[in-house]
Amino acid sequence: QVQLVESGGGLVQPGGSLRLSCAASGTFLRINTMGWYRQAPGRQRALVAATISRNSSTNYADSVKGRFTISRDNAKNTVYLQMNSLKPEDTGTYYCTAHTQLSDTSAYTGWGQGTQVTVSS
């Protein structure tokens, strides 16, 4: 199974930037997708951004397009989320996720422990 360790959260003023990192380790054939979800207080966890390994395509929530950039270092099995022009509504716990292939017929999706991002003046 995959283990995910996140880092990079914190407190930032509106308009500021943060960079989240998530390193994957464990036993798997390959990582199919990696991404970030956000959970704000009282709300459901929602996709922020994701990247597909097969074709390096990316997908973003409408609310972060043009401000956030997801990238990946395949050699390190690490995904990053560069967050610019942060807004108070970006506040929440950010979770890293990875969909991994364990065998030709088995897959597993892992989650990180979450890292808190607070945007406030």
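As the structure is a computational prediction, the values presented were derived from the model and not from experiment.

The rules we used
Residues numbered from 1 in each chain as written. Predicted model: local features only at pLDDT ≥ 70, side-chain atom pairs only at ≥ 80, totals over all residues. Heavy atoms only, no water. Helix = DSSP H or I, 4+ residues; strand = E, 2+ residues; numbered from the N terminus. Buried < 20%, exposed > 50% of the residue type's maximum accessible area, 1.4 Å probe, protein only. Polar contact = N/O pair within 3.5 Å; in protein donor to acceptor, adjacent residues only side chain to side chain. Contact = heavy atoms within 4.5 Å. Core = buried A, V, L, I, M, F, W, Y, C linked by side-chain atoms within 4.5 Å. Disulfide = S-S within 2.5 Å.

Undergrad: I would appreciate a short explanation of the side chain of Q101 in the present structure.
TA: Mapped onto the elements, Q101 comes out in strand β9 (residues 92-101). Its relative accessible area of 12% is what places Q101 among the buried residues. At 2.9 Å, the side chain of Q101 forms a polar contact with the side chain of N32.

Undergrad: Sorry if this is basic, but what is going on with the environment of S57 here?
TA: Relative to the elements of secondary structure, S57 occurs in the loop between β5 (46-52) and β6 (58-60). Assessed through its relative accessible area of 26%, S57 is described here as partly exposed. Remark: the alpha-carbon pair of S57 and T33, spanning 24 residues in sequence, is separated by 9.7 Å. In contact with S57, other than residues within four places in its own chain, are A50, T51 and I52. Engagement of the side chain of S57 in a polar contact is seen with the side chain of N55, the distance being 2.8 Å.

Undergrad: So what exactly am I meant to see when it comes to unusual backbone geometry here?
TA: Trans peptide bonds make up most of the peptide bonds, and negative phi angles are found at most residues other than glycine. The phi dihedral of S56 is positive, around 60°, even though this residue is not glycine. Mapped onto the elements, S56 comes out in the loop between β5 and β6. Taking relative accessible area as the criterion, S56 reaches 56% and is therefore assigned exposed. Here S85, not a glycine, exhibits a phi torsion of approximately 50°, which is positive. Along the chain, the position of S85 falls in the loop between β8 (78-83) and β9. Under the relative-accessibility criterion, S85 is labelled partly exposed at 40%.

Undergrad: Is there a simple way to think about the nonpolar core in this case?
TA: Nonpolar side chains in soluble globular proteins tend to end up buried together. Core analysis: the largest hydrophobic core is formed by 27 residues, its most contacted members being M34, W36, L81, M83 and Y94. Sorting the residues of this core by element identifies β1 (2-7), β3 (18-26), β4 (30-39), β5, β7 (68-73), β8, β9 and β11 (115-119) as the ones contributing at least two each. If we skip the residues at most four places from it in the chain, Y94 touches E6, L20, W36, Y37, R38, V48, F68, L81, M83, G114, T115 and V117.

Undergrad: How should the environment of V119 be read in this particular structure?
TA: The topology assignment puts V119 in strand β11. Among the residues examined, V119 registers a relative accessible area of 4% and is labelled buried. In sequence terms V119 and V12 are 107 residues apart; their C-alpha atoms lie 5.0 Å from each other. Residue contacts for V119: discarding those within four places in its chain leaves V12, Q13, P14, L86, K87, P88, D90 and T91.

Undergrad: Would you mind going over the state of the cysteines with me for this structure?
TA: In a disulfide, the sulfur atoms of two cysteines are covalently bonded to one another. Considering all chains together, one arrives at one disulfide under this definition. With its sulfur 2.0 Å from that of its partner, C22 forms a disulfide with C96. Judged by the sign of its S-S torsion, about -80°, the cystine formed by C22 and C96 is left-handed. Residue C22 is located in strand β3, and its partner C96 is located in strand β9; the two are separated by 74 residues in the primary sequence.

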